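# Overview (structure and organization)
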Amino acid sequence: MANIKLSFILNRKPYTVETDPGKRMLDVLREDLGLMGTKEGCGVGECGACTVILNGKAVTSCLVLAGQMQDAEILTIEGMSDDEIGRVIQDCFIESGAVQCGFCTPGFIMSAYALLMENPTPTRDEIRLAVAGNICRCTGYIPITDAIEKASKILAK
Amino acid sequence: MKIRNFIQVKTVEAFHEAVKAANGSIAILAGGTDVLVNGREDDVYKDCTVIDIFPIEELHGVRETENMLLIGACTTHEAISHDPLVKQYAPILAEASGAVGSLQTRNRATIGGNLANASPAADTMSALAVLHAELVIERDGEARVEPMTAIFTKPYKTNLAPNDLITTIRVPKLSPNVRYDYIKVGRRKVLSISRMTVATLLEMDDEGVVTRFDMTVGATFPRPMLFPDISAMLVGKRPTEQDILDVAKALSDKIPEIAGIRKSTVYKQPVCRNISERSLRKLCADILK
Ligand SMILES: Cc1cc2nc3c(=O)[nH]c(=O)nc-3n(C[C@H](O)[C@H](O)[C@H](O)COP(=O)(O)OP(=O)(O)OC[C@H]3O[C@@H](n4cnc5c(N)ncnc54)[C@H](O)[C@@H]3O)c2cc1C
Ligand code: FES
Ligand code: FES
């Protein structure tokens, strides 16, 4: 359909884009805004590579319609470096060997960020549950769980 | 996906107005976790005005009356699974919603969408069936109430008109001494669209005599079902091991009876029988001793 104007807060800055509201949020981020950090794996909500934070909640951006971004507050991986929690999580992923090919990493980091925002001192089981919707074909899940646990400990200090 | 028009509404009234203004097909969009998956293939929504109801504040959250929980249709599974009222008065539903997909899915996916999509595998259906839940449905400003199980006609089909909006799921409150069990058998722990769920509510008096018993299997029949004959097998009795074996057999025998003999029956019938036995034994543990 014809483009409409969408206004939202993305990574703490206001944006207005004119786009087709029938697109997926994932495509607005990658195509309209050129933010390529959010990845597309399965396109049907099963891999978590496209995870972003929408109004405080981790969601798969392949299953959100662009029109639903209207007035929303959105955080993507690109917004992680100017945020203490985001920076610590990223560092811990690198230090714990939780990144190999890196394709799944932005999604995992967004899930981890949403978790630590809500629950700064999660147990390993809570960490596993929070990232259970993210798939990694390279590292196995132990280094990823380690990375998030380490980040929570550093942030708790 | 291809659509004809898109409109976001913030009140139920605005929804009815948007329907009238749409002239042509409409599609309701809530969390979108079914709509966006359906919309990938073919151009199912290309002639539709998509009406996004997720921003309707009054459809989010859980309220209570003296005897009922009133769950807004746009309440997400994640919100339901943690809601204090649901945990207190309908804990079996908190478990069922908590068993849906992954956190990312539960953060968007709504209970209204779970029902309206009418997938026989929808996880909340068996729990809502044993709870005797009802739906408040609004069309053009007029509300009606129907038993939850009454809207389904066949897999992925309901008798809802396109301008029918489920606004509320009404759940009679359970008394604290109702025992419950919800089991989901899936492929993996998360993200598995259910292969089978078994939902059970059991209430007994001080002597261990059953005063209420509702048990059903989900993701197995073309639509959610309740069985008065199964309930009657335990009500008025103090359950024995033999009763449990009989109920589990009778429940699993419904599968070929209703769904017909299919490839999956070979797998589902014994699985149903086993988990029903396990579930009932757990619920009656103190009585069987
Ligand atoms: C990765 C993944 C995993 C999943 N896992 C599970 C699972 O484990 N268990 C399970 O049960 N489901 C699962 N689902 C399916 C889906 O998430 C649920 O059915 C969900 O509850 C649908 O809600 P929604 O708000 O996203 O619906 P939408 O996609 O927005 O809508 C679904 C349908 O309902 C209609 N509708 C929505 N709200 C209303 C309303 N208030 N009144 C009238 N019509 C309405 C829409 O028009 C549409 O036809 C999964 C989906 C995905 C993508
Ligand atoms: S691309 Fe969205 S979940 Fe896989
Ligand atoms: S690092 Fe390659 S998929 Fe996770």
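This one's a predicted model, so the numbers in the text were calculated from it and none came from an experiment.

Cut-offs and rules
Residues numbered from 1 in each chain as written. Chains lettered and ligands numbered in written order. Predicted model: local features only at pLDDT ≥ 70, side-chain atom pairs only at ≥ 80, totals over all residues. Heavy atoms only, no water. Pairing = 2+ DSSP bridges. Helix = DSSP H or I, 4+ residues; strand = E, 2+ residues; numbered from the N terminus. Axes fitted to C-alpha atoms, helices over the stretch in contact; angles between N-to-C directions. Contact = heavy atoms within 4.5 Å. Near = heavy atom within 4 Å. Polar contact = N/O pair within 3.5 Å; in protein donor to acceptor, adjacent residues only side chain to side chain. Areas by Shrake-Rupley, 256 points an atom, 1.4 Å probe, with all protein chains shown as cover. Nonpolar A, V, L, I, M, F, W, Y, C, P; charged D, E, K, R; others polar. Expected span 1.5 Å × (residues − 1). Buried < 20%, exposed > 50% of the residue type's maximum accessible area, 1.4 Å probe, protein only. Phe/Tyr/Trp six-rings, centres within 6.5 Å; stacked < 30°, edge-to-face > 60°. Lys NZ or Arg CZ within 6 Å of the ring centre and 35° of its normal. Domains from an automatic or database assignment. Buried area = accessible area lost by both parts, 1.4 Å probe. Salt bridge = Lys/Arg side-chain N within 4 Å of Asp/Glu carboxyl O.

### What about the sheet that holds strand β2 (residues 13-19) of chain A?
Either a parallel or an antiparallel arrangement is found when strands of a sheet pair, and the pairing is made through backbone hydrogen bonds. Residue and element names in this part refer to chain A. Strand order in the open sheet made by the five strands is β2-β1-β5-β3-β4, with mixed pairing throughout. Each end of this open sheet is capped by a strand with a single partner; those strands are β2 and β4 (57-60). Across the sheet, the mean angle from the axis of one strand to that of its neighbour is 40°, orientation sign disregarded. Where strand β1 (residues 4-10) meets strand β5 (residues 73-75), two bridges bridge the pair, whose relative direction is parallel. Bridging from a neighbouring strand, isoleucine 9 pairs with glutamate 73 of β5. Of the strands in this sheet, β1, β2, β3 (51-54) and β5 touch helix α1 (residues 25-32), which is tilted by about 100° from β2.

### Quick look at the site of ligand 1
Around ligand 1, a shell composed of 36 residues is seen, among which Ile28, Thr33, Asp34, Thr110 and Asp123 of chain B lie nearest. Site remark: ligand 1 is flanked by residues from chains A and B. Between threonine 33 of chain B and ligand 1, the recorded distance is 2.6 Å, taken from a side-chain N or O atom to an oxygen atom. If ligand 1 stood free it would expose 990 Å²; the protein chains cover 92% of that surface. It is helix α7 (residues 111-116) of chain B that provides the largest number of residues to the shell around ligand 1, a total of four residues. Residue classes in the shell around ligand 1 are distributed as 18 nonpolar, 13 polar and five charged.

### Brief notes about helix α3 (residues 105-118) of chain A
Residue and element names in this part refer to chain A. The terminal C-alpha atoms of α3 lie 20 Å apart, and with 14 residues this matches the ideal 20 Å at 1.5 Å per residue to within 8%. Burial analysis of α3 places 12 of its 14 residues in the buried class, the great majority of the element. Turning to α3, its buried residues number three or more, namely Thr105, Pro106, Gly107, Phe108, Ile109, Met110, Ser111, Ala112, Tyr113, Ala114, Leu115 and Leu116.

### Description of the packing of aromatic side chains
If you walk through the whole model with that rule in mind, you get three aromatic pairs over all chains. Pairing phenylalanine 8 of chain A with tyrosine 15 of chain A gives two aromatic rings, centres 6.1 Å apart and planes at 10°, and the pair type is stacked. Seen from their ring centres, phenylalanine 108 of chain A and tyrosine 141 of chain A are 6.3 Å apart, and the 50° between their planes marks the pair as tilted. With phenylalanine 108 of chain A in helix α3 and tyrosine 141 of chain A in helix α5 (residues 141-156), the pair connects residues that are 33 residues apart, well separated along the chain. On the basis of relative accessibility, which here comes to 0%, the residue phenylalanine 108 of chain A falls in the buried class. Residue classification places tyrosine 141 of chain A among the partly exposed residues on the basis of a relative accessible area of 40%. When the ring centre of phenylalanine 54 of chain B is taken as origin, the NZ or CZ atom of arginine 108 of chain B, which lies over that ring, is 4.3 Å away. One Lys or Arg, lysine 173 of chain B, reaches over the ring of tyrosine 89 of chain B and ends 4.3 Å from the middle of that ring.

### Concerning the domain arrangement of chain B
Residue and element names in this part refer to chain B. The assigned domain composition of chain B is domain 1 (5-52), domain 2 (58-172) and domain 3 (179-288). Computed over C-alpha atoms only, the centres of domain 2 and domain 3 are separated by 21 Å. With 24 residues of domain 2 in contact, the opposing surface of domain 3 contributes 26 residues. Together domain 2 and domain 3 conceal approximately 1,900 Å² of surface at their shared face, both sides included; 66% is due to carbon and sulfur atoms. It is Ile92, Ser126 and Val130 in domain 2 that bury the most area against domain 3; as a group they hold 27% of the surface buried on that side. Summed over the shared surface of domain 2 and domain 3, the result is one salt bridge. Note that lysine 184 is salt-bridged to aspartate 123, the shortest N-O span being 2.6 Å. There are seven residue pairs in polar contact (both at pLDDT 80 or more) connecting domain 2 and domain 3. Contributing elements (two or more residues each) for the side of domain 2 that touches domain 3: α5 (91-98), α8 (124-130) and β8 (152-154). Among the elements that line the side of domain 2 that touches domain 3, the one with the most residues is α8, at five residues.

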